[in-house]
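Tertiary structure, described
Each chain, written out:
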Amino acid sequence: MYSEERSIQDLFDLTGRVAVVTGATGWLGAAMSRALAEAGARVVVTSRDGEQAAALASTLVGNGHVGLAFAQDDAASIPSFVAEAVDRAGQVDILVNNAYGGTAPDIDTATAEDFDRAYHTGVTAYFLLAREVVFHLRGRGAPGSIINIGSMYGVVASYPDAYAELPVNSPPNYHGLKGGIVHLTRHLAVYWAADGVRVNTISPGPFPTQRVKDSQPEFIARLDSKSPMGRMGLPSELKGVTVLLASDAGSYITGQNILVDGGWTAW
């Protein structure tokens, strides 16, 4: 009965596949890049700074990793970027849409430009890059996985009292675009399923950087109090779900938004 059932090790194995991770040198992007490399993939990591991308690529386990400069807000460069990734790595099988370059205005001061920039880098560019990868996959007749990085703030509002009288904002443009990503993922998933391409979102909860932890202890304490687990997330806690969605272990998962939030949205 189980003679054709694949082992869990085989299902999670990414050997022979190439993953592109945008914004890879950031707090969460670096951890997801390491996860994919540790699972056997060759990884094309990107940053606005090509030297930083190359430096990260050199630290990943395994061989054949590539670091490329890429500014996701430059829509015209997306086709040539994917072509370069394919040229350097031979193929692309997995895309992690993670880069973001929006502003962080207060709700009382946010401008149309703040929204335009956020949506362009965090929704429009995600779509254009994913579609270019799908064109490549179609040309090869190969399946693939698109992973969009959302946020719990694409699902729930923030607590105003967590931010009150502190030098941190909960930007309305960020909330709007992350909600858009969650639904865009559903739409792309149903259209690209026939191509064998799965599309999912990972929505992290509170994963503040070490700089924020060190500089804003009161803010972190407030966030801790809102979490059922009573603590902030660690970048390594995104590694498992990233490999799940990238690999054959997630072969029947598409159109989903997986929240990794310590129970924040379960209240």
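Residues numbered from 1 in each chain as written. Predicted model: local features only at pLDDT ≥ 70, side-chain atom pairs only at ≥ 80, totals over all residues. Heavy atoms only, no water.

Within the chain one finds 10 helices and 7 strands. For 267 residues, the compact-globule estimate of 2.2 N^0.38 gives 18 Å, and the chain sits close to it at 18 Å. Considering only C-alpha atoms, the chain reaches an extent of 55 × 50 × 35 Å along its principal axes. Within the chain, the proportion of its 267 residues that are buried is 48%. (Helix = DSSP H or I, 4+ residues; strand = E, 2+ residues; numbered from the N terminus. Rg over C-alpha atoms; globule rule 2.2 N^0.38 Å. Buried < 20%, exposed > 50% of the residue type's maximum accessible area, 1.4 Å probe, protein only.)

In an α-helix, one turn spans 3.6 residues, which is why side chains three or four residues apart end up on the same side. An ideal rise of 1.5 Å per residue puts 16 Å on 12 residues; helix 2 (residues 27–38) measures up with 17 Å between its terminal C-alpha atoms. Counting buried residues in helix 2 gives 9 out of 12 residues, a clear majority hidden from the surface. Burial in helix 2 covers these residues: Leu28, Gly29, Ala30, Ala31, Met32, Ser33, Ala35, Leu36 and Ala37. Positive backbone phi, at 110 degrees, marks Gly40, one or two positions downstream of helix 2. (Expected span 1.5 Å × (residues − 1).)

Let us look at the environment of Ala75. Relative to the assigned elements, Ala75 resides in the loop between strand 3 (66–69) and helix 4 (78–89). Separated by 45 residues in the primary sequence, Ala75 and His120 have C-alpha atoms spaced 8.6 Å apart. Residues within four places of Ala75 in sequence aside, it is in contact with His120 and Leu128. (Contact = heavy atoms within 4.5 Å.)

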